[in-house]
Amino acid sequence: EGIYSPELTNTLSGELDRFFNAIQDLSNYPEELTVRTAVRESAQNLIASVRHIDESLKAQRTDLNDRIEGEVLEADAMIDQIAKLNVQIKASQTASASEVPDLLDQQDKILRELTQKLDINYYRGDQGMVTVRGPQETLLVDRGHAAHLVVGKDRNGSGMFDILVEDGASVQPTNVTNANKNGR
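Rules used throughout
- Residues numbered from 1 in each chain as written.
- Predicted model: local features only at pLDDT ≥ 70, side-chain atom pairs only at ≥ 80, totals over all residues.
- Heavy atoms only, no water.
- Patch = residues over 30% accessible without salt bridge, like charges linked within 9 Å, V, L, I, M, F, W, Y side chains within 5 Å.
- Areas by Shrake-Rupley, 256 points an atom, 1.4 Å probe, with all protein chains shown as cover.
- Salt bridge = Lys/Arg side-chain N within 4 Å of Asp/Glu carboxyl O.
- Helix = DSSP H or I, 4+ residues; strand = E, 2+ residues; numbered from the N terminus.
- Buried < 20%, exposed > 50% of the residue type's maximum accessible area, 1.4 Å probe, protein only.
- Pairing = 2+ DSSP bridges.

### What to know about a nonpolar patch on the surface
Taken together, the side chains of Leu16, Phe20 and Ile23 make up a nonpolar region of the molecular surface, amounting to roughly 250 Å² of accessible area. Inspection of the secondary structure assignment puts Ile23 in helix H1 (residues 6–28). Since its relative accessible area comes to 34%, Ile23 is described here as partly exposed.

See the structure below:
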């Protein structure tokens, strides 16, 4: 917001106007020392404005990457917990069926929270265990196995993090950044 605020836009616009006006004055009065000094000062002011915008954009990118990383860590922990609950549900069905409803409720709560972070599809299969698929139909949870969400530098060089799924089977992680409608 601060980067594209009217005050900042007016400042940059004003600095550009002053710089080009100073250049125009220099073309009319090339021998005048005060005009030359004004060109140099307006150029320095313009450079300072552009640097300020650059620094602000970098700070905003860092903040966004920190937020993305936090969200990915939370989603990864949820995926792990769903897989662990799958194992507990399977074990409880054979040992003590009275625990199963509570475990299913816990798992349903986590699944609802995960849908707020990722586009997922899930279904209950064998012995009440859930299978979860994420963006691009990436397998996130299968019985007791959980894939892992990680962040990595984007390949486009923008400096923004990409969201990757490491499933343990693939050599290359799957990039789901742009496939996730709940993401960026």
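### Some words on the pairing of strand S3 (residues 139–142)
Relative to S3, strand S2 (residues 130–133) runs antiparallel, the two being bridged by two bridges. What sits directly across from Arg133, in S3, is Leu139. Counting the residues that bridge the hairpin from S2 to S3 gives five residues, and of these Gln136 lies at a positive phi of roughly 60°. As paired elements, S3 and strand S4 (residues 145–146) share two bridges and run antiparallel to each other. Bridge pairing in S4 links Val141 to Ala146.

### A short note on the side chain of Ser42
For Ser42, the location among the structural elements is in helix H2 (residues 33–95). A relative accessible area of 7% means that Ser42 is categorised as buried.

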